[in-house]
Amino acid sequence: MTVYLRPTGFVDAPFGHDGKVARLAGGLLWFSAVELLRVSDDNRLTSDLVPVERIGERLDDAAWAVWENITRARPPLTLGERVVRLDQPQVVGIVNVTPDSFSDGGAHSDASAAVRAGHDMAAAGAAIIELGGESTRPGSKPVWEGDEIERVLPVARQLASSGTALSVDTRKAAVMEAALGAGVRMINDVSALTFDERSAGVAAASGCPVVLMHHQGTPDTMQQSPRYDRPVLIEVYDWLEERIAAAVAAGIDRAKIIVDPGIGFGKTIQHNLQLLNGLSLLHGLGCPIMLGASRKRMIGALAGEAPADQRLPGSLALALKGADQGVQLLRVHDVPETVQALKVWRGLRDAALTPA
């Protein structure tokens, strides 16, 4: 039976708690307990809460490796000349260069508008700007790679020339190659390198950070009755672990792999909520975590069917939920508002971590 470790029992500061708390992934959070989760043969989930001071009594060699993943600091991301530290939450600003984005209705489909949006987000505090030329909203159809390249490249070239750290959101190797040539220095693949058989090789050759996102199905079918045979948190964890192993086998440096639970990609509202409540489990994979919950449909479903452009409060609530569980990268549409929320969050952490 596999044992999973979820850090919990977070405390304001470690002072006076020697041996009773542990630091989460080298960040600003300390935890005092671990929830040991086990899945039985009939897929029932059981849990046991263990204080950090007694954790050594409960772990075998395999579980110790997971513990080391949880407590090991994450190295910074290098995107060309830019270095993004992961000892605190960072904002990734979304610029959809598409005519049919669910979140903004194509507001940035014009290259000049997309460039302005990218510059504005960077000026507002986004550490990375992510460009996407294909909508992967539920029900969307694939876009020909030539069209996707034509949308992304002019924007990437202009933003890269100004020194902006750039990521590309794509499933296609040809788009990855073109974007890398235009100055993009990170790849975010919502298919976790499963859509295009060449993508893993392109990602490995680039030496860039790579985001592997969990999904179930394809964008046009993923929300048609998604289901999981085991608890969704466990299935997502195991699936991501397999994709990390596949990426490493393809030549991608494990230190450059980022994982994303894929909120809304083949999940019901209940699945999404369970994942968000259990996010800290994913630190056991030993990789930085990206959370993309901004403006997602679940917010509207929980808030009177609010349309996408009226989901800022819910988006901020989910961003702070992620920060409270040690998420390193928050992928958002509303950069100034999220940066402000995180500055207040950081102020609270700094005050707690300043000895009286």
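Residues numbered from 1 in each chain as written. Predicted model: local features only at pLDDT ≥ 70, side-chain atom pairs only at ≥ 80, totals over all residues. Heavy atoms only, no water.

- The name given to the protein in an unreviewed UniProt entry is dihydropteroate synthase, with uncultured Sphingosinicella sp as the source organism.
- Looking at the protein in UniProt, the text filed under Cofactor (unreviewed entry) is "Mg(2+)". (UniProt positions renumbered as here; feature names shortened; annotations may be inferred.)

## Considering the overall build of the protein
Here is step 1 of the chain: Along the protein, the regular secondary structure elements total 10 helices and 14 strands.
Here is step 2 of the chain: The C-alpha atoms of the protein give 20 Å as radius of gyration, which agrees with the globular expectation for 356 residues (21 Å, within 12%).
Here is step 3 of the chain: Overall, the C-alpha framework of the protein stretches about 55 × 50 × 45 Å when taken along its three principal axes.
Here is step 4 of the chain: Restricting the contact set of the protein to residue pairs at least 6 apart, pairs at least 24 apart contribute 68%.
Here is step 5 of the chain: With an accessible surface of roughly 14900 Å², the protein has 50% of that area assigned to carbon and sulfur atoms. (Helix = DSSP H or I, 4+ residues; strand = E, 2+ residues; numbered from the N terminus. Rg over C-alpha atoms; globule rule 2.2 N^0.38 Å. Contact = heavy atoms within 4.5 Å. Areas by Shrake-Rupley, 256 points an atom, 1.4 Å probe, with all protein chains shown as cover.)

## Concerning the layout of surface pockets
Here is step 1 of the chain: Here the second largest pocket is characterised by a volume of approximately 230 Å³.
Here is step 2 of the chain: Forming the boundary of the second largest pocket are 15 residues, of which Thr2, Val3, Ala62, Val66 and Glu241 lie nearest the centre.
Here is step 3 of the chain: Put simply, the parts of the chain that give the lining of the second largest pocket at least two residues each are β1 (3-11), α1 (61-71) and α6 (232-249).
Here is step 4 of the chain: Here the lining of the second largest pocket gets five residues from one element, more than from any other, and that element is α1.
Here is step 5 of the chain: Of the residues that constitute the lining of the second largest pocket, the class distribution is eight nonpolar, three polar and four charged. (1 Å grid on protein atoms, 1.4 Å probe; cavity = no way out; pocket = protein on both sides within 12 Å on 5 of 7 lines; lining within 4 Å. Points joined across faces, edges and corners; volume = space filled by probe spheres on them. Nonpolar A, V, L, I, M, F, W, Y, C, P; charged D, E, K, R; others polar.)

## A short note on the domain arrangement of the protein
Here is step 1 of the chain: By the assigned domains, the protein splits into domain 1 (2-71) and domain 2 (77-353).
Here is step 2 of the chain: With 24 residues of domain 1 at the contact, the number on the domain 2 side is 26 residues.
Here is step 3 of the chain: Overall, the association of domain 1 and domain 2 removes approximately 1900 Å² of surface from exposure, summing both partners, and the carbon and sulfur fraction of that is 65%.
Here is step 4 of the chain: Across the domain 1-domain 2 interface, the total number found is zero salt bridges.
Here is step 5 of the chain: Where domain 1 packs against domain 2, one counts six residue pairs in polar contact (both at pLDDT 80 or more).
Here is step 6 of the chain: With six residues, the top contributor of residues to the side of domain 1 that touches domain 2 is β1.
Here is step 7 of the chain: Taken together, the residues of the side of domain 1 that touches domain 2 break down into 18 nonpolar, four polar and two charged. (Domains from an automatic or database assignment. Buried area = accessible area lost by both parts, 1.4 Å probe. Salt bridge = Lys/Arg side-chain N within 4 Å of Asp/Glu carboxyl O. Polar contact = N/O pair within 3.5 Å; in protein donor to acceptor, adjacent residues only side chain to side chain.)

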